[in-house]
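Working through the structure, step by step
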Amino acid sequence: MPAMSWYPLLRHAHIGLALLSVALFTLRGLGVLAGARWPMLGAVRAASVLFDTLLLAAGVTLAVLLQVSQAWLPVKLGLLVAYIVLGSLALKRAPTRAAKAACFAAALLCVGLLVSVARSRHPLGFLAGLA
Ligand code: HEM
């Protein structure tokens with residue numbers, strides 16, 4: 001079976017996992033800000049790690065399959081690192097509720113930009129339209 005025949009399945013899986021991953025992060029962030037305990041329960045954290053690992057695996061496989069070498073991919077990876085760091089601060093590491101809220105908003109901004117970079121396949125994402 002030629003490798004490219006996996007492309008439609010991988011792309012759908014990548015997009016579906018991206019939706020699941022961001023939706024779960026958003027719910028967990030809101031839960032943490034509301035003072036709930038469920039966002040940090042083992043099963044919820046395990047689901048989040050599972051979605052993220054599969055999302056990244058599908059993304060890396062797509063990048064290899066399509067031999068992407070344009071600038072948008074490193075920009076996307078940079079935004080991914082920022083999203084992960086801000087996400088961890090928002091859910092756990094930031095010292096105060098206000099700091100958690102600020103990191104949560106910044107993480108959602110990063111992932112929104114990340115999705116717009118992915119969709120436009122342009123390093124500036126939706127900002128390219130404004131420039
Ligand atoms: C939070 C992490 C990520 C999110 C939310 C995300 C989101 C998306 C979305 C929504 C698309 C579809 C764009 C379209 O409409 O065509 C896409 C495509 C793509 N993503 Fe990701 N992605 C993430 C991580 C990654 C990673 C880590 C890689 C690679 C190392 C990657 C590689 C790709 C590639 C190559 C495509 C283009 C597929 C194509 O041209 O059909 N993604 N991503």
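Residues numbered from 1 in each chain as written. Predicted model: local features only at pLDDT ≥ 70, side-chain atom pairs only at ≥ 80, totals over all residues. Heavy atoms only, no water.

Within an unreviewed UniProt entry, the label attached to the chain reads SirB2 family protein, and the organism entered is Inhella proteolytica.

Let us now look at the state of the cysteines. All chains considered together, the criterion is met by 0 disulfides. There is no disulfide at Cys-103, and the cysteine sulfur nearest it, in Cys-110, is 10 Å away. (Disulfide = S-S within 2.5 Å.)

Below, the discussion takes up the site of the ligand. Close to the ligand lie 23 residues; Tyr-7, Arg-11, His-14, Lys-76 and Arg-121 are nearest. Side-chain polar atom of His-14 to a nitrogen atom of the ligand: 2.8 Å apart, as the coordinates give it. Arg-119 has a polar side-chain atom sitting 2.9 Å from an oxygen atom of the ligand. Listed by contribution, the elements that provide at least two residues to the shell around the ligand are helix H1 (7-33), helix H2 (42-66), helix H3 (72-93) and helix H4 (97-120). When residues in the shell around the ligand are grouped by element, the largest group, 7 residues, is from H2. Split by residue class, the shell around the ligand holds 17 nonpolar, 2 polar and 4 charged. (Near = heavy atom within 4 Å. Polar contact = N/O pair within 3.5 Å; in protein donor to acceptor, adjacent residues only side chain to side chain. Helix = DSSP H or I, 4+ residues; strand = E, 2+ residues; numbered from the N terminus. Nonpolar A, V, L, I, M, F, W, Y, C, P; charged D, E, K, R; others polar.)

Once that is clear, we can look at the coordination of the iron atom of the ligand. Within the protein, His-14 (NE2) and Lys-76 (NZ) serve as the donor atoms for the iron atom of the ligand, at 1.7 to 2.0 Å. Classification of the site at the iron atom of the ligand as octahedral follows from its 6 donor atoms and the range of 83 to 178° in their angles at the metal. With His-14 in helix H1 and Lys-76 in helix H3, this residue pair connects regions lying 62 residues apart in the sequence. Taken individually, His-14 and Lys-76 each receive the classification buried, so the pair is uniform in this respect. (Donors = N, O, S within 2.8 Å, 3.2 Å for Na, K, Ca; no water. Tetrahedral: all angles 85-135°; square planar, octahedral: opposite > 155°, others 65-115°. Buried < 20%, exposed > 50% of the residue type's maximum accessible area, 1.4 Å probe, protein only.)

This part takes up H1. Taking 1.5 Å per residue as the helical rise, H1 with its 27 residues ought to reach 39 Å, and the 39 Å between its terminal C-alpha atoms agrees with that figure. By the burial criterion, the buried members of H1 are Leu-10, His-14, Leu-17, Ser-21, Leu-24, Phe-25, Arg-28, Gly-29, Gly-31, Val-32 and Leu-33. Against the buried residues of H1 lie H2, H3 and H4. (Expected span 1.5 Å × (residues − 1). Contact = heavy atoms within 4.5 Å.)

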